[in-house]
There are 2 protein chains.
Amino acid sequence: MTDQTSHRYCVIMCGGVGSRFWPYSRENCPKQFIDFLGTGRSLLQMSYDRILPMVPKENVLVVTNEKYASLIREQLPEVLPSNILLEPARRNTAPCIAWAAYHIAAIDPQASIIVNPSDHLITREGIFEDCVRRGFEFVENNDALLTLGITPTRPETGYGYIQIGKEAEPGILKVKTFTEKPNLELAKVFLDSGEFFWNSGIFLWRASSIIDALRKYDPDLTSLFDRGAELFATPRETEFIEANFMSCPPNSIDYAVMEKADNVYVECVNFGWNDLGTWSALYDNSPKNQEGNVTQCRVLAYESSGSIFAVREADKLVVAHGLKDYIVADAGDVLLICPKSEEQRIKQMVNDVRIAYKEQYL
Amino acid sequence: MTDQTSHRYCVIMCGGVGSRFWPYSRENCPKQFIDFLGTGRSLLQMSYDRILPMVPKENVLVVTNEKYASLIREQLPEVLPSNILLEPARRNTAPCIAWAAYHIAAIDPQASIIVNPSDHLITREGIFEDCVRRGFEFVENNDALLTLGITPTRPETGYGYIQIGKEAEPGILKVKTFTEKPNLELAKVFLDSGEFFWNSGIFLWRASSIIDALRKYDPDLTSLFDRGAELFATPRETEFIEANFMSCPPNSIDYAVMEKADNVYVECVNFGWNDLGTWSALYDNSPKNQEGNVTQCRVLAYESSGSIFAVREADKLVVAHGLKDYIVADAGDVLLICPKSEEQRIKQMVNDVRIAYKEQYL
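Residues numbered from 1 in each chain as written. Chains lettered and ligands numbered in written order. Predicted model: local features only at pLDDT ≥ 70, side-chain atom pairs only at ≥ 80, totals over all residues. Heavy atoms only, no water.

Asks: Give me the side chain of Asp-218 of chain B: which residues, what numbers.
Replies: Residues and elements named next belong to chain B. If you trace the backbone, Asp-218 turns up in the loop between helix H6 (207-217) and helix H7 (219-226). The side chain of Asp-218 sits in the buried core without any salt bridge; Lys-260 is the nearest counter-charge, 7.1 Å away. Setting aside chain neighbours within four positions, we find Asp-218 in contact with Ala-213, Asn-251 and Ala-256. (Helix = DSSP H or I, 4+ residues; strand = E, 2+ residues; numbered from the N terminus. Buried < 20%, exposed > 50% of the residue type's maximum accessible area, 1.4 Å probe, protein only. Lys, Arg positive; Asp, Glu negative; His and termini not counted. Salt bridge = Lys/Arg side-chain N within 4 Å of Asp/Glu carboxyl O. Contact = heavy atoms within 4.5 Å.)

Asks: How would you summarise the pattern of salt bridges if you had to cite specific residues and measurements?
Replies: Residues and elements named next belong to chain A. Counted under the stated rule, the structure contains 30 salt bridges over all chains. Between Arg-8 and Glu-140 there is a salt bridge whose closest N-O contact spans 2.8 Å. With Arg-8 in strand S1 (residues 8-13) and Glu-140 in helix H4 (residues 125-141), the pair connects residues that are 132 residues apart, well separated along the chain. Since its relative accessible area comes to 17%, Glu-140 is described here as buried.

Asks: Account for the relation of the copies chain A and chain B, naming residues and giving values.
Replies: Relating one copy of the chain to the other requires a rotation about an axis plus a shift along that axis. Overlaying chain A on chain B yields an RMSD of 0.1 Å, the required transformation being a rotation through 180° with an accompanying axial translation of 0.1 Å. Expressed as an axis order, the relation between the two copies is that of a two-fold axis. Both copies present the same face, since 100% of the interface residues in chain A are matched by interface residues at the equivalent positions in chain B. (Least-squares fit on C-alpha atoms with pLDDT ≥ 70 in both.)

Asks: Tell me about the pairing of strand S6 (residues 145-150) of chain B, and please be specific about residues and values.
Replies: The two faces of a sheet get side chains in turn, since along a regular strand they alternate between them. All names here are of chain B. Among the six residues of S6, six are classified as buried, and the element is accordingly described as predominantly covered. Burial along S6 is two-sided: the face carrying Leu-145, Thr-147 and Gly-149 and the face carrying Leu-146, Leu-148 and Ile-150 are both buried. Pairing of S6 with strand S10 (residues 264-269) involves six bridges; the strand directions are parallel. Of the residues in S10, the one forming a bridge with Thr-147 is Val-266. Sheet topology places S6 next to strand S9 (residues 196-206); four bridges connect them, and they run antiparallel. Each residue of the ladder has a partner; that of Leu-146, found in S9, is Leu-204. (Pairing = 2+ DSSP bridges.)

Asks: Let's hear about the packing of aromatic side chains: which residues, and what values?
Replies: One pass over the structure, following the stated rule, counts 34 aromatic pairs over all chains. With centroids separated by 6.3 Å and ring planes inclined at 45°, the aromatic side chains of Trp-198 of chain A and Trp-273 of chain A adopt a geometry described as tilted. Here the residue Trp-198 of chain A occupies a position in strand S9 (residues 196-206), and Trp-273 of chain A occupies one in strand S11 (residues 273-274), the gap between them amounting to 75 residues. Between Tyr-357 of chain B and Tyr-361 of chain B, the aromatic rings sit 5.3 Å apart at their centres with planes inclined by 90°, giving edge-to-face as the arrangement. Take Tyr-361 of chain B: its relative accessible area is 0%, and that puts it in the buried class. Here the aromatic cluster, defined as three or more aromatic residues joined through ring pairs, consists of Tyr-102, Phe-225, Phe-232 and Phe-240 of chain A. (Phe/Tyr/Trp six-rings, centres within 6.5 Å; stacked < 30°, edge-to-face > 60°.)

Asks: How would you summarise a negative patch on the surface if you had to cite specific residues and measurements?
Replies: A cluster of acidic side chains, namely Glu-313 and Asp-315 of chain A together with Glu-313 and Asp-315 of chain B, defines a negative patch on the protein surface. On the secondary structure map, Glu-313 of chain B appears in the loop between strand S14 (308-311) and strand S15 (317-321). (Patch = residues over 30% accessible without salt bridge, like charges linked within 9 Å, V, L, I, M, F, W, Y side chains within 5 Å. Areas by Shrake-Rupley, 256 points an atom, 1.4 Å probe, with all protein chains shown as cover. Charge placed at Lys NZ, Arg CZ, Asp CG, Glu CD.)

All we've got here are geometric facts, nothing functional implied.
Rendered as structure tokens:
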């Protein structure tokens, strides 16, 4: 690796609970820890594998809730224990990213960082690699906050969109606006315009750039971290975080910084990305058999089509008749059978389960 | 118990494989061994419990395939080992009943016998008890082959029917004909006529009466058993059966004797009987919740009705949306989801499973 590469860091955000993928995703083992695609590697492990060609192994950090510490150690034994940042509470992405930036800046003031979700799917890793290298070069040469914008392929109403402005260099453009999830009509306009890209939640910046931006746009947060400035990357960091992290107000990095800063850029990319946010997204991104079913287990299906069958237990057989466009998800102590068209109700179902059975099935 | 009672015997036929209840019913643990109704007792155990008021415990015999020997010993530890007759092969009911009759006659030439399936449901046990006592008295006083005929409540096409003739005594009538499963039109005629009763497969007779009838109508079978006449109820019986039972041609007792003999009677009864032959039968005979679902496990059902949810694993939760009139049966390594209206296809599904996976799920 080049000299510059040794200053490149990766932060994998791994604290999500993935409730839309219940019952596969559970509070004590969310989606990112599951081998969702049956490849033998969990989504987290795939996220880790994917970044190694661009970032030295010892520069990969994972930020997660402290209750997932043992899962991380089990799934990523190669990650240094000191590179696992354990949040005492869930505070959304801004505090998570701020902590990681302070931590890395204390180790390496010249650091550049890619912030990566742990539970997304990227199918074209060669293209991803090229995009990430270009992104690192851009932020190393510019005081810029760079987000990866996915070329949209359908009028998706479940994602945020980024509107592009002036080109800074080939493939990297100034961001004009961030837009929350649009309705279908607006999403179609976005798609046709060619000016809008999906917000992937993958960011690149120098540690100093994001800390500067946080100081400017979220000073309450940075003043909290600044109080422990000399403790980051020391044995006393954990103690400081335990005492102070709870005080961070929950906030997303988009809202805290990206929508406000004036040095925000987007790299327009197309590397087979999906956030695997829902069962339907998993269905859409999985190979289908002749009947259009996605079968992640042994299935004998009769008069069934457009369905996804996912069973945790190895070798379990599903025999199904007359299921059209269904989700069948068997996760040991919970079996979910639900039409794909009703999947937005899964969150409500999880609530109902909580009311009826407390934490037992969550 | 009276003197007469000490001559009363019960034969529980326990060799069925229950393939229509797959995947709950398996080759190595058929339906009769399962606590199907969630009462804490298997259907076999319920059959045993039900007969004890009328028959001395030491007179209860179980006939089954030798591969179920350990299941029987486990579920009915009270049954004497010498009262468990283990068939080396499946040969339908005639050889089974013949063997039991020879065995019992060797112990007690005055014996009267009730032959009982092990996998039926009887809900009104008090009435059953009265019927059985009356039946025993009838066959003890008459050289009669008595079958219990269930008062039909619907034009069922899945059962055999018995047409009644002249009354012999109150509630017990000469049988005019046995009729195989009728079509719906004919079943309606049967129901309306008041002359037809369902063939329950429960029989009463003296040991000597059934042996005489078998000698007359199935002499090949009795000549085979007669060759070992002096061996029944001796230590050499097992050896004799091992050597000869395989040679019995498969045959039902209905076809071998009941449809041919001229001393066949029916006791018309009404004690909440169901043969639990199918999932729909189980559904029909189980208490339903407000939505008309039968739930043998924890279920949260949305827009679902008329369905039966059966899960083997204790505490497993099923969350279902949009299932109308379905069978959902989760038996550990197999999950079946099938409309009740398609349940006659389960046998075909089991065949397909055998083709695809050999014996693994059977």
